Amino acid sequence: MNLEEFKKLTPEKRRDLELAEKTPNEQVVFEQLKKEFGIEMQQELENFKNEDKKIDQITESIGLENIEAASNVKDSLGIHKELEKLNDEASKLIQKTKQDVGNIEVLNRKLQEKFNDIMVRSLELEKFRSQINGNKNYDNFYSESDTATLLQGLSEGAGIFQKIQDRNLNLDEFTDLGKSANPEDQLFFNQMNAEFEEKVPNSFNFSDVDPVIVLDKIKNESMLLKGSVIKELINKQKDSLPINIIFDFLDKNKSLINEDILKEISYLMDNQKDSVLAKSGLPLDQMIEIYRNDPDFKTIGFRTKKLIEEQSKPLLEYYAADILGTSSSKLSPTIPLNDIPGIVKIEYIDSLLHTSVISPEQTNQLVKTFDIKPEGLSPRSLNFLFRTSAFFDYLPNAEKLNSFKKVLDSGIYISPTEVDEELQDVLKDSFIEAAHKSFDNGDLRFLADTDIRKQVLTTLENKGDTKNIKNIQESFYVVDSPEKLPEPILKMLEKFEDQYGSKGKDLIALAVFTYGMEHPENFVKQMESIEQVLNKYNPDAIPEGAKVSMGVEYEVTLSLANIYADGSDFGYIKDIEMVSRSANIGKGNDAVHEIALKPNYNPYMMLAEMKLLQEAGFLDLNFERYPDAARGYHLSLVGDNGLEVNSNMFFLNNVLTMAQLTGITAGKEVSNTKHIHSKSFEHFSDSEQRGHRCEMKGMSTDSVEQFEKAVITSHHAGIAIQVTQKYFEAKLWPDAQEILKKIPSDKNEFERAMLSEMTKPFESDQDRDIAYEWMHFQASIMKGVEQHNESFMDSEFNGFVLDNEGNYIDTGSHIDVMRNKKLIESSNQEQVLQKTKIWTNELFESQSPIFVNALANINNIFLKPPQADDNSPVNAKAVLDTVRKENYGGIVDGKFQESIFDNQGEYRDGYYYVQGASEEMIIHKTQILLNRFNKNMEELLSIKSVERNQDQVNANFSN
Amino acid sequence: MNYEEQELKDSRLRFRNHMLLLWKKKHKLLLLFRSKLEEKKIQEINQKLLR
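Residues numbered from 1 in each chain as written. Chains lettered and ligands numbered in written order. Predicted model: local features only at pLDDT ≥ 70, side-chain atom pairs only at ≥ 80, totals over all residues. Heavy atoms only, no water.

### Here we look at the overall build of chain A
Then comes step 1: Counting its regular elements, chain A contains 42 helices and ten strands.
Then comes step 2: Within chain A, counting contacts between residues at least 6 apart in sequence, those at least 24 apart form 72% of the total.
Then comes step 3: For chain A, the accessible area works out to roughly 47,800 Å², and carbon and sulfur atoms hold 48% of it. (Helix = DSSP H or I, 4+ residues; strand = E, 2+ residues; numbered from the N terminus. Contact = heavy atoms within 4.5 Å. Areas by Shrake-Rupley, 256 points an atom, 1.4 Å probe, with all protein chains shown as cover.)

See below:
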């Protein structure tokens, strides 16, 4: 990277480069890890070679009498040679791996070199700066393009002003033309404005322009030679050198100095209280005269605001560090604090409050030492002090009132509840006004204050003309004034509140926004269909302590918000923030907006919220309305008894991916996967939560159907995992494998077969059945994967397969083997096997790219090329469109865009069909097994099972 | 985890997986050897019995 390239980087990019540089400590850690890995490999090689000794052990244990016969066997097998070959292979593998690891170091060094380059260039830049300071040769120092843009803008602007002047108008008179009744005047006004918009950039970058070129250019154009331009040129310079140049120029061109320039520059000087010249009242040419004769002028006399700030900063830091107890710079103050301009002090304190963690006591001390008075403070600083210190407590009431007014007038919202009661009434109008202003600025905190909210919403409703704002207002009726709701909706509200508590009320508020209340009968119909699905959740049927609460986070991207904004008065963020307030939907911190559904035990409640948000236009999980919206989401699970980020959770995550419920895996290989994070709890219920909040970060979807299936599966799994963990420790690979191998296919033998592994006997039949479902599901998937690794080629390309029990399964009569053979005829079979291999252990580990890529490679064989660069949504659609019934049954009716709310709580029962593949194909097989798991869990969690348990208890009693 | 550590972790995973394959091959070979020896042993015993 050279200097030019470096200069083109945005500040963020430059910072990233700096951050990417390794700290010495990280380097040590990496070296240590590398060393450990090296030792591990050597150890592994030794063990591997040692294994050869088993030949002698085996020979000895068999104990052939004819010793020669043993040698003959060895020779006929060429066993020593074969072993040698394997050992060789292992050695080479280690060499290769060491090389790979070495390359990591090389890469690191390359990065290092890049940074050195930047460092050297920065030094060159410094040298260059000092050179031009000495030689006054500043060619190329300034940005040519910025200079050109400025000149162009100035000259275009001047051209437009000239046209205005030609009509004998000054600027004020011109502005009045906009309100004129004469259409001709209006036309001129609009034309000039349009021309200005088009030709003059919104803002000029005065700090990087070459002042000499600018001055030289404008000196002959009276329209351009304006005091405001000169003032900007001087004030934006960060260095004294260009200021000298500007004054040099003015001195040489005294004839150019007009009233306007003099006024502006005097003003600039008057701002500097410690400027000798500003106090002198001398005319500008005399000031320049003095400036010319005094080489030290720039240090004792004229200084720009920027220079003052820069020179005062170390002093301010010194004083502040003293109070904050941080290590101070070596510089000792030569200027007393009082001599630093108040505005600079305030801005410094302000930035300090923004960027540092300062205790209220320290803030008070700072304010006292720096002698900050409320009238001198900006509204922003006042607000900071109000929130962070006891500053306001000691203000007399009148000053307090003025300070509050100043903050509110600036549009920073303060809630009435935060203000002393006796001031609340006086400030009444200011609160409302501040709420309006802060709404315009995108700060919607006022929504928390019922009275203010009511007034502001009413004004907004009159302003807006889309139905959105009306619906928002109405959705607040649910919270503020339910009596305003039409009778049927009110009844629905009472019913939902009664059945589902506050969550029921929230849902009605959301529904009022989504459906409006113009047609209450339609509203009721919609809610009844939702209610039917909500009631599928049956808390009484869940074993004690096994409840799961789930929450979803979905990031809204700019493209989505922009498309939405077309049909709304106030835009996406304001709309959703208002609705989130009335419907009590959480909000995260990422992206344009992050929808964070609050945790809930009833998974269908969450799905209902998503459905309503989707119908309201806030998102579209089918990606039809917002094709470029984010497809990923985060799903967090919390268990009453405790879920943890362990092999069970990893399995759930991986099996969802295998079943294509986190998106169709196809297309290019990925190099990264997202993991499950353990987060702190968000308390929402009285029950004690244990374990972790497990947040699955790698969730993604192409359709409502996949999303809903993933949520319901996670709900079932969360319950099943907790029940299972009551009796079985969550084990890591390969111990998990050993246990799962023992799971009998006959449910009735389960408890007996597992006795030695259990920490205690099952407490109920339901517990036993649920644990069986989970472990049997895991075992079946594990066996499925093993079979896939053994016989993927046979099942898909030869038409038969032997399953784990040695049963012959005919796939050839269901799939077109000849067609499939063509798909791989050009590929190397070994390679295909390697690329599609799924390492069984990875099912129980954090999701890895190798795992996901194997799935993508399997799909890629069957899905038609060419595959797009990314995971192509076209492929996804083709796969999602067709759901096939188990046992090579027919196509299931319905669409992937449909939700369970469209289908009385049912979703399509079958698997997403990858055309050409058999049911033994692992992606199909996983879906079939997952459907069975879900169905059995649903059965076990229906009221029937509870009754069954109750019957059993009764039976036990009567016995 | 930083970039280099992630790379190292990936290398380790690849190494581990590859070694697993080699182990499997070696064990298969040893098993084969064992079964051949056992065959011979049975032959020896049979011969002894015949005698």
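### As for the confidence of the model for chain A
Residues and elements named next belong to chain A.
Then comes step 1: Residues at a pLDDT of 70 or more form 78% of chain A, whose mean pLDDT is 78.
Then comes step 2: Ignoring residues within four places in sequence, the model shows residues 114–140, a span with pLDDT below 50, making 28 contacts including any to other chains.
Then comes step 3: The model gives residues 270–276 a pLDDT under 50, and that stretch makes 14 contacts with residues more than four places away or in other chains. (pLDDT = per-residue confidence, 0-100.)

### A closer look at the interface of chain B and chain A
Then comes step 1: Contact residues are listed per partner, giving 35 residues for chain B and 52 residues for chain A.
Then comes step 2: Carbon and sulfur atoms supply 72% of the area that chain B and chain A bury against each other, a total of about 4,100 Å² over both sides.
Then comes step 3: Counting every contact that joins chain B to chain A gives four salt bridges.
Then comes step 4: Close ionic contact of R16 of chain B with E845 of chain A constitutes a salt bridge, the shortest N to O distance being 3.9 Å.
Then comes step 5: One can count eleven residue pairs in polar contact (both at pLDDT 80 or more) joining chain B with chain A. (Buried area = accessible area lost by both parts, 1.4 Å probe. Salt bridge = Lys/Arg side-chain N within 4 Å of Asp/Glu carboxyl O. Polar contact = N/O pair within 3.5 Å; in protein donor to acceptor, adjacent residues only side chain to side chain.)

### Observations regarding the side chain of D620 of chain A
Residues and elements named next belong to chain A.
Then comes step 1: By secondary structure assignment, the location of D620 is in the loop between helix 31 (603–615) and strand 4 (632–639).
Then comes step 2: Of the side chains bearing the opposite charge, R625 lies closest to the buried D620, which forms no salt bridge; the N-O distance is 6.9 Å.
Then comes step 3: Of the polar contacts made by the side chain of D620, one reaches the backbone nitrogen of N622; its length is 2.9 Å.
Then comes step 4: At 2.8 Å, the side chain of D620 forms a polar contact with the backbone nitrogen of E624.
Then comes step 5: If we ignore the near neighbours within four places in the chain, the residues touching D620 are Q614, R625 and Y626. (Buried < 20%, exposed > 50% of the residue type's maximum accessible area, 1.4 Å probe, protein only. Lys, Arg positive; Asp, Glu negative; His and termini not counted.)

### Points about the packing of helix 36 (residues 765–798) of chain A against helix 41 (residues 922–940) of chain A
All names here are of chain A.
Then comes step 1: At a closest axis distance of 10 Å, the pairing of helix 36 and helix 41 adopts a crossing angle of 175 degrees. Comparing their axes, helix 41 and helix 36 come out roughly antiparallel. In this structure, helix 36 uses Q766, D769, I770, E773, W774, F777, S780, I781, G784, V785, Q787 and H788 to contact helix 41, whose residues at the interface are I922, K925, T926, L929, L930, F933, N936, M937 and L940.
Then comes step 2: A class-by-class count of the residues in the contact of helix 36 with helix 41 yields eleven nonpolar, seven polar and three charged. (Axes fitted to C-alpha atoms, helices over the stretch in contact; angles between N-to-C directions. Parallel < 35°, antiparallel > 145°, perpendicular 65-115°, else oblique. Nonpolar A, V, L, I, M, F, W, Y, C, P; charged D, E, K, R; others polar.)

### What to know about the environment of E790 of chain A
Then comes step 1: Topologically, E790 of chain A is positioned in helix 36.
Then comes step 2: Of the residues examined, E790 of chain A reaches a relative accessible area of 69% and is grouped as exposed.

### Regarding the nonpolar core
Then comes step 1: Of all hydrophobic cores here, the largest spans 189 residues; its most connected members are F370, M578, L635 and W774 of chain A.
Then comes step 2: Counting residues per element, this core draws most heavily on helix 36 of chain A, at 13 residues.
Then comes step 3: Residues contacting L635 of chain A, with those up to four places away along its chain left out, are M550, G551, V552, M606, C694, E695, M696, M699, V711 and S714 of chain A.
Then comes step 4: Core analysis: the second largest hydrophobic core is formed by 29 residues, I55, I94 and V101 of chain A together with L8 of chain B among them. (Core = buried A, V, L, I, M, F, W, Y, C linked by side-chain atoms within 4.5 Å.)

### A look at a negative patch on the surface
Then comes step 1: On the surface, E487, E494, E497 and D498 of chain A cluster together into a negatively charged patch.
Then comes step 2: Along the chain, E497 of chain A turns up in helix 26 (residues 487–500). (Patch = residues over 30% accessible without salt bridge, like charges linked within 9 Å, V, L, I, M, F, W, Y side chains within 5 Å. Charge placed at Lys NZ, Arg CZ, Asp CG, Glu CD.)

### Comments concerning the pattern of salt bridges
Then comes step 1: Under the defined criterion, the tally for this structure stands at 31 salt bridges over all chains.
Then comes step 2: For the salt bridge of R768 of chain A with D769 of chain A, the shortest nitrogen-to-oxygen distance reads 3.1 Å.
Then comes step 3: As a salt-bridge pair, E38 of chain B and R34 of chain B come within 3.3 Å of each other at their nearest N and O atoms. A residue pair is termed a helical-turn pair when its members lie 3 or 4 positions apart in one helix, as E38 of chain B and R34 of chain B do in helix 1 (residues 3–50) at four residues.
Then comes step 4: One salt-bridge network, held together by shared partners, links K726, K760, E763 and D767 of chain A.

### Points about the pairing of strand 4 of chain A
Residues and elements named next belong to chain A.
Then comes step 1: Burial of strand 4 is extensive: seven of the eight residues sit out of reach of the surface.
Then comes step 2: With six bridges connecting them, strand 1 (residues 548–556) and strand 4 associate as antiparallel partners. Bridged to E553 within strand 4 is H634.
Then comes step 3: Across six bridges, the pairing between strand 4 and strand 6 (residues 693–700) is antiparallel. In the sheet register, V638 faces strand 6, and the bridge partner there is R693. (Pairing = 2+ DSSP bridges.)

### Digging into helix 39 (residues 849–862) of chain A
Then comes step 1: Along its 14 residues, helix 39 of chain A runs 20 Å from first to last C-alpha, staying within 8% of the 20 Å computed at 1.5 Å per residue.
Then comes step 2: Taken across its 14 residues, helix 39 of chain A has 13 buried, putting it largely inside the fold. (Expected span 1.5 Å × (residues − 1).)

### Focus: helix 5 (residues 67–77) of chain A
Residue and element names in this part refer to chain A.
Then comes step 1: Residues of helix 5 that are buried: A69, A70, V73, K74 and L77. Each buried residue of helix 5 lies within a common arc of 145 degrees when the element is viewed along its axis, so the set occupies one face. Relative to its buried face, helix 5 has exposed residues pointing more than 90 degrees away, namely I67, E68, D75 and S76.
Then comes step 2: With a side-chain oxygen lying 3.0 Å from the backbone nitrogen of E68, the N-terminal cap of helix 5 falls on N66.
Then comes step 3: Backbone geometry just downstream of helix 5 places G78 in the positive-phi region, at approximately 60 degrees. (Arc of directions from axis to C-beta.)

### Things to note about the environment of L621 of chain A
Residues and elements named next belong to chain A.
Then comes step 1: Examined against the element boundaries, L621 turns out to sit in the loop between helix 31 and strand 4.
Then comes step 2: In sequence terms L621 and V704 are 83 residues apart; their C-alpha atoms lie 5.2 Å from each other.
Then comes step 3: Apart from the residues lying within four places of it in its own chain, the contact partners of L621 are Y554, M610, Q614, T701, D702, S703, V704 and F707.

### Observations concerning the confidence of the model for chain B
Then comes step 1: Residues with a pLDDT of 70 or more make up 92% of chain B, whose mean pLDDT is 81.
Then comes step 2: Interface scoring of the predicted complex returns ipTM 0.91; its pTM is 0.62.

### Some words on unusual backbone geometry
All names here are of chain A.
Then comes step 1: At Y888, a position not held by glycine, the phi torsion is positive, near 50 degrees.
Then comes step 2: Structurally, Y888 can be placed in the loop between strand 9 (883–884) and strand 10 (911–912).
Then comes step 3: Residue Q904 is not a glycine yet carries a positive backbone phi of 50 degrees.
Then comes step 4: Tracing the chain through its elements places Q904 in the loop between strand 9 and strand 10.

### A short note on the pairing of strand 3 (residues 593–600) of chain A
Residue and element names in this part refer to chain A.
Then comes step 1: Counting buried positions along strand 3 gives seven out of eight residues, so the element sits mostly inside the fold.
Then comes step 2: Pairing of strand 1 with strand 3 involves six bridges; the strand directions are antiparallel. Bridged to V552 within strand 3 is L597.
Then comes step 3: Inspection of the sheet shows strand 2 (residues 586–587) paired to strand 3 by two bridges, in the antiparallel sense. What sits directly across from K587, in strand 3, is I595.

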